[in-house]
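The primary structure of each chain is shown beneath.
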Amino acid sequence: MKNKIKPTEGMTTPRFADVATFFRLPVIKDLNSLDYCICGVPWDGGTTNRPGARHGPREVRNASSLVRLYHPVSLKSPYDKFNIADIGDCPVNPIDLDDSLKRIRKFYMNIKKTDTIPLSIGGDHLISLPILRALAKDGPIGLFQFDSHSDTWDSYFGGYKYTHGTPFRRAIEENLVDPKKYVMLGIRGSLYDPADMKWAQEQGVTIITIDEYYNNGFEKSMQIINDVLGDTPAYLTFDVDGIDPTFAPGTGTPEVGGFSVREAQLIIRQLNKANFVGADVVEISPPFDLNNMTSLVGATIAFEILCTMTKTN
Ligand SMILES: [Mn+2]
């Protein structure tokens, strides 16, 4: 029964019809039958400013009905190679942050147990922390972070440690991520403090700000990223605010002067030598979106990531 799971056929059921799932894949809850799974994490309790990312999974499912089966450059399909399905949404508690972190970790522990590789749609960026707590339970892994913010700040509002601005500081402190195998790309925007990124640099994290990216050029930047990641197990986290708000306005903490979607697609394609054991696309906030354009960006980027993880691009 290998590789028999396919999106609903677009020539018999119109792409705008039927119940929306990620890429029109069936919803299958039995992880044992899957190589990869796509999962929503509808939670934004770590948001410090404009909320709404809890609505991301549902709108990305809707927008993803526009994404077809084959990668436009390779002409390959991840669905020909692997069993992949929408597994529904991760359980969360919209009114309790600590309980949500526990629930998300538990859900991903179960995914890890079956060796299924998860691609998650958030949700705010704090969801990456409980996911990493599950996926890196056997030891630290590498990390590629596409983002306009480092998300390695220490705390907010008098020592509160868990927000969408702090997940990767916690991930390093908890030995979930090896800072020497961690590269962040696209950092820009005004800072709370000139020392905002100092801690991450001191740990050995490779930071490529957007200015450095353009100074280096595409090829040199990708060389640096791929050299850091190597082929050790790593996680890919894609914050949609790394994209310029011209293309992706539906996000809680927009930063102008960012990447185009086209640039992001090329960047992700160049990561297909890496060994990703999981990925997420986060911070899509439909209440701030215009004509669902950010959800479409999220869905299209999620397909690029799926093709990179399955090496079908
Ligand atoms: Mn972020």
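Just so we're clear, the structure is a prediction, and the values are computed from it rather than from any experiment.

**Focus on the overall build of the chain**
Tallying secondary structure elements over the chain gives 10 helices and eight strands in all. A compact globule built from 313 residues should have a C-alpha radius of gyration of about 20 Å, and the chain, at 18 Å, falls within 12% of that. In the chain, which comprises 313 residues, the proportion classed as buried is 57%. In the chain, 76% of the contacts between residues at least 6 apart in sequence involve partners at least 24 apart. Across the chain, 33 positive and 38 negative side-chain charges occur, with their mean positions spaced 6 Å apart.

**Points about the coordination of the manganese ion**
When a metal carries six donors in an octahedron, the ideal angles between them are 90 or 180 degrees, while four donors in a tetrahedron ideally lie at 109.5 degrees. For the manganese ion, every protein donor is listed as H125 (ND1), D147 (OD), D151 (OD) and D239 (OD), and the spread of their distances is 2.1 to 2.3 Å. Of note, the donors binding the manganese ion are all from one chain and are spaced H-x21-D-x3-D-x87-D. In this pair, H125 is assigned in the loop between β3 (117-122) and α4 (128-135) and D239 in strand β7 (residues 233-239), connecting sequence segments 114 residues apart. Judged by relative accessible area, H125 falls into the buried class, the value being 0%.

**With respect to helix α9 (residues 261-269)**
What α9 keeps buried is the set V261, A264, Q265, I267, I268 and R269. Next to the buried residues of α9 lie β4 (141-146), β5 (177-187), α7 (210-216), α8 (218-229), β7 and α10 (293-309).

About the thresholds
- Residues numbered from 1 in each chain as written.
- Predicted model: local features only at pLDDT ≥ 70, side-chain atom pairs only at ≥ 80, totals over all residues.
- Heavy atoms only, no water.
- Helix = DSSP H or I, 4+ residues; strand = E, 2+ residues; numbered from the N terminus.
- Rg over C-alpha atoms; globule rule 2.2 N^0.38 Å.
- Buried < 20%, exposed > 50% of the residue type's maximum accessible area, 1.4 Å probe, protein only.
- Contact = heavy atoms within 4.5 Å.
- Lys, Arg positive; Asp, Glu negative; His and termini not counted.
- Charge placed at Lys NZ, Arg CZ, Asp CG, Glu CD.
- Donors = N, O, S within 2.8 Å, 3.2 Å for Na, K, Ca; no water.

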